[in-house]
Amino acid sequence: VEKSDVRSLLWYHSAAESGHPKAQYNLGIFYFEGRGNPVNFAEARRWFERAGVADQPGGFFNLAKMEEEGLGGAPNLPAAKACYAQAVLGGHDPAIPELRRILTAESPSGTEGPVGQADISFVQSYLGARGFEVGVPDGLFGERTRDAVVAYQRENGLEASGSIDRDLVDRMLRQVADAAPQS
């Protein structure tokens, strides 16, 4: 049987559109590597994110690499940290040293800036993994997310503002890195 990247791309695309996480991940790889089509980082990002949300944590790992290196957009270290942490939460062990590296190498001024959708999605995943009711991590800051943040803040002796700021995100990122097994 002749190997055809174009045929594989079409099959992966069909399965990915049907919600198959492994196909979503593989489709991201095809777009990233330009297999069966030209390299398309925007599509690779889209499919890696969908795969990660669908319990294929390697998607978050690859998305983190793209965010960190600025592939398909400007480098975004806060988004990279959030994606590495989501990969760790999903059990993707190769993300552990990467998350620790990016947290350790970061300068104090690197923790500033607005909280983005990747940060909110990470906070939702983090809280959901700890039993807080947030629904499906979608990166949108709704009432359930706010209520879960308030509960987390109270449980941890923090001011219960219900808001997600850079300090809260960084605190959770460090907790993920500290709780991960040592390699």
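Residues numbered from 1 in each chain as written. Predicted model: local features only at pLDDT ≥ 70, side-chain atom pairs only at ≥ 80, totals over all residues. Heavy atoms only, no water.

(A) Here's a closer look at the overall build of the chain. Across its full length, the chain holds nine helices and zero strands. Mapped in sequence order, the helices and strands of the chain form the string α-α-α-α-α-α-α-α-α. Relative to the globule expectation of 16 Å for 183 residues, the C-alpha radius of gyration of the chain, 17 Å, shows essentially globular dimensions. For the chain, the C-alpha atoms occupy an extent of roughly 60 × 35 × 30 Å along the three principal directions. Taking all 183 residues of the chain together, the buried fraction comes to 43%. When contacts within the chain are restricted to residue pairs at least 6 apart in sequence, long-range pairs at least 24 apart make up 47% of them. With the model as given, the accessible surface of the chain reaches about 9400 Å², and the carbon-plus-sulfur share is 52%. Charge separation in the chain, taken as the distance between the mean sites of 18 positive and 25 negative side-chain charges, equals 3 Å. (Helix = DSSP H or I, 4+ residues; strand = E, 2+ residues; numbered from the N terminus. Rg over C-alpha atoms; globule rule 2.2 N^0.38 Å. Buried < 20%, exposed > 50% of the residue type's maximum accessible area, 1.4 Å probe, protein only. Contact = heavy atoms within 4.5 Å. Areas by Shrake-Rupley, 256 points an atom, 1.4 Å probe, with all protein chains shown as cover. Lys, Arg positive; Asp, Glu negative; His and termini not counted. Charge placed at Lys NZ, Arg CZ, Asp CG, Glu CD.)

(B) Broad picture of the nonpolar core. Y84, L99, F122, V123, L127 and M172 are the most contacted members of the largest nonpolar core, which has 47 residues in total. Per element, the largest residue contribution to this core is seven residues, and it comes from helix α5 (residues 77-89). Apart from residues lying up to four places away in sequence, Y84 is in contact with F61, A64, K65, E68, A95, E98, L99, R101 and I102. (Core = buried A, V, L, I, M, F, W, Y, C linked by side-chain atoms within 4.5 Å.)

(C) A look at the side chain of N62. Along the chain, N62 turns up in helix α4 (residues 58-69). With residues near it in sequence (within four places) discarded, N62 still touches Y25, I29 and F48.

(D) Just the side chain of E68, in detail. Mapped onto the fold, E68 is located in helix α4. Judged by relative accessible area, E68 falls into the buried class, the value being 18%. Polar side-chain contacts of E68 include one of 2.9 Å to the side chain of R101. With residues up to four places along the chain from it excluded, the contact list for E68 reads P75, L77, A80, Y84, R101 and I102. (Polar contact = N/O pair within 3.5 Å; in protein donor to acceptor, adjacent residues only side chain to side chain.)

(E) Structural context of the packing of aromatic side chains. Taken as a whole, this structure holds seven aromatic pairs when the rule is applied. An angle of 45 degrees between the planes, with centres 5.9 Å apart, marks the rings of Y25 and F48 as tilted. Taken as a pair, Y25 in helix α2 (residues 21-33) and F48 in helix α3 (residues 41-53) lie far apart in primary sequence, 23 residues in all. With a relative accessible area of 18%, Y25 lands in the buried category. Its relative accessible area of 1% is what places F48 among the buried residues. Geometrically, the ring pair formed by F32 and F41 is tilted, given 5.5 Å between the ring centres and 45 degrees between the ring planes. Put simply, the rings of F122, Y126, F132 and Y152 touch in pairs and so form one group of aromatic residues. Geometry around Y126 places R130 over its ring, the cationic atom sitting 3.8 Å from the centre. (Phe/Tyr/Trp six-rings, centres within 6.5 Å; stacked < 30°, edge-to-face > 60°. Lys NZ or Arg CZ within 6 Å of the ring centre and 35° of its normal.)

(F) Spotlight on the packing of α5 against helix α7 (residues 117-129). Here α5 crosses α7 at 25 degrees, and the two axes come no closer than 8 Å. Taken as axis vectors, α5 and α7 run roughly parallel relative to one another. Read as a crossing pair, α5 and α7 show a hand that is left-handed. Where α5 abuts α7, its residues P78, A79, A82, A85, Q86 and L89 lie against A118, D119, S121, F122, S125, Y126 and A129. Looking at side-chain class alone, the contact of α5 with α7 contains nine nonpolar, three polar and one charged residues. (Axes fitted to C-alpha atoms, helices over the stretch in contact; angles between N-to-C directions. Parallel < 35°, antiparallel > 145°, perpendicular 65-115°, else oblique. Left-handed = near helix turned anticlockwise from the far one by under 90°. Nonpolar A, V, L, I, M, F, W, Y, C, P; charged D, E, K, R; others polar.)

(G) Representation of helix α9 (residues 166-179) within the structure. For α9, which comprises 14 residues, the first-to-last C-alpha distance of 20 Å matches the rise-based estimate of 20 Å (1.5 Å per residue) to within 8%. Every buried residue of α9 is accounted for by R166, L168, V169, D170, M172, L173, V176 and A177. (Expected span 1.5 Å × (residues − 1).)

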